[in-house]
Amino acid sequence: MEIALCRIDDRLIHGQIVTMWSKECSCNRILVVNDEVYNDTIRKTLLIQIAPPGIKAHVLSIEKALEAYNNPNYNDFKALLLVTNPSDVLKLIEGGLNIKTVNIGGMSFKEGKKQITPAVYVDEKDIEALKKLHERGIELELRRVSTDIKVDMMTKI
Amino acid sequence: MIAIVVGTHGNLSKELLKASEMIIGQQHNVEAVTFQLGESIEDLTLRYEETLSNLDTSEGVLFIVDLFGGSPYNAASLVAIKQEKMDIITGVNLPMLIKAFVSRKTSSLEEVIKASEISGREGIKQFKENFSLVEEEEL
């Protein structure tokens, strides 16, 4: 399986993904990786339903995602990987996922999070995970839409 | 790149433009024209003409308006009828507008209109009917 794009976006599949990113990265699958959503049948079905024409969407737990990643049956997958937070990306990478870049698109406001850009808020746990990703040499680029100019996340935290 | 003029009743055009930029980022060579209570077709026609003078119209102009037969359409038709490389599409919605923005970089005016019309139509879905057809494929 090839990872065409790994994006942190807690709205998961939405307008920007359907109209732009899925085309931009020419993926043939969208893999939503989130333990909570994986166990929520309704949210899962709602997400699968909005996949753009010609692209199949799957909702996986972190464990399932790593299994699928290593499964040769899915070698022809060109996946857009969507996760909600940097800690989950770290878990995937610690589990063997091989990526060089993480796009940070949207992390919504929650009590106790500080604003980084109009679309991105982080807390201590997020920052810690981002630092660990950075230490591993992974590029962390802030971009809401693909035509935005890349901003290095590390200069913002 | 084809110029786009979004024309609607009230401030819808301005907000539609903002909404589409939330999704696909900032757009250039585009103007939103509003039509307010108390304005005449002449006012609106004049405003369209002023708007066009601020745009690069060399590759053509597409008016995207809300309602077939409404004033934003009627005024646009008065402008477009005189020009070969200008056309109007009605029934603006977000899928239509986004498609117009994305496709105009590489397509002719006719192709942009066709693609926008298809996206506008295909953007209309009924939730429950759609939902019952969803099948999950296990990995």
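Note that the structure is a prediction, hence the values are computed from the model and not measured.

Colleague: Just to check I follow, could you spell out the side chain of R29(A) for this structure?
Modeller: With respect to the helices and strands, R29(A) occurs in strand β2 (residues 29-33). Once you skip the residues sitting within four places of it in the chain, R29(A) turns out to touch I55(A), K56(A), H58(A), F77(A), K78(A), A79(A), L80(A) and E137(B).

Colleague: Could you clarify how one ought to interpret a nonpolar patch on the surface in this entry?
Modeller: A cluster of nonpolar side chains, namely I42(A), L46(A) and F127(B), defines an oily patch on the protein surface of about 280 Å² accessible area. Take F127(B): it is sitting in helix α6 (residues 127-131).

Colleague: Just checking my understanding: could you explain the layout of surface pockets for this structure?
Modeller: One water molecule sets the probe size; rolling that probe over the atoms shows where empty space is left. Approximately 900 Å³ is the volume found for the largest pocket. Every element with two or more residues in the lining of the largest pocket is listed here: α1 (15-24) of chain A together with α4 (94-103) and α5 (109-122) of chain B. For the lining of the largest pocket, the residue count by class is 13 nonpolar, eight polar and four charged. Looking at the second largest pocket, its volume works out to about 370 Å³. The wall of the second largest pocket is formed by 18 residues, among which N34(A), E36(A), T84(A), N85(A) and K110(A) lie closest to the centre. Counting only elements with at least two residues in the lining of the second largest pocket, the list comes to α2 (35-38), α5 (86-94) and α6 (124-135) of chain A. Residue composition of the lining of the second largest pocket, grouped by class: three nonpolar, four polar and eleven charged.

Colleague: What is the right way to look at the pattern of salt bridges in this model?
Modeller: One side chain can pair with another of opposite charge once the charged atoms of both are near each other. The tally for this structure, following the rule as stated, stands at 14 salt bridges over all chains. Ionic pairing is found between K110(A) and D10(A), a salt bridge with its closest N-O pair at 3.9 Å. In this pair, K110(A) is assigned in the loop between β5 (101-106) and β6 (114-117) and D10(A) in the loop between β1 (2-9) and α1, connecting sequence segments 100 residues apart. Looking at K110(A), the relative accessible area reads 44%, which means it is partly exposed. Of the residues examined, D10(A) reaches a relative accessible area of 19% and is grouped as buried. The shortest N-O distance in the salt bridge between E128(A) and K132(A) comes to 3.9 Å. In this pair, E128(A) and K132(A) are both assigned in helix α6, four residues apart and thus about one turn of the helix distant. The exposure class assigned to K132(A) is partly exposed, which follows from its relative accessible area of 38%. Ionic contacts of the salt-bridge type, sharing partners, join the residues R29(A), K56(A) and E137(B) into one network.

Colleague: Hey, could you run me through a negative patch on the surface in this one?
Modeller: A contiguous patch of negative charge on the surface is contributed by D35(A), E36(A), E63(A) and E67(A). When residues of the negative patch are traced back to their parent elements, those giving at least two are α2 and α4 (62-69) of chain A.

Rules used in this analysis
Residues numbered from 1 in each chain as written. Chains lettered and ligands numbered in written order. Predicted model: local features only at pLDDT ≥ 70, side-chain atom pairs only at ≥ 80, totals over all residues. Heavy atoms only, no water. Helix = DSSP H or I, 4+ residues; strand = E, 2+ residues; numbered from the N terminus. Contact = heavy atoms within 4.5 Å. Patch = residues over 30% accessible without salt bridge, like charges linked within 9 Å, V, L, I, M, F, W, Y side chains within 5 Å. Areas by Shrake-Rupley, 256 points an atom, 1.4 Å probe, with all protein chains shown as cover. Salt bridge = Lys/Arg side-chain N within 4 Å of Asp/Glu carboxyl O. 1 Å grid on protein atoms, 1.4 Å probe; cavity = no way out; pocket = protein on both sides within 12 Å on 5 of 7 lines; lining within 4 Å. Points joined across faces, edges and corners; volume = space filled by probe spheres on them. Nonpolar A, V, L, I, M, F, W, Y, C, P; charged D, E, K, R; others polar. Buried < 20%, exposed > 50% of the residue type's maximum accessible area, 1.4 Å probe, protein only. Lys, Arg positive; Asp, Glu negative; His and termini not counted. Charge placed at Lys NZ, Arg CZ, Asp CG, Glu CD.

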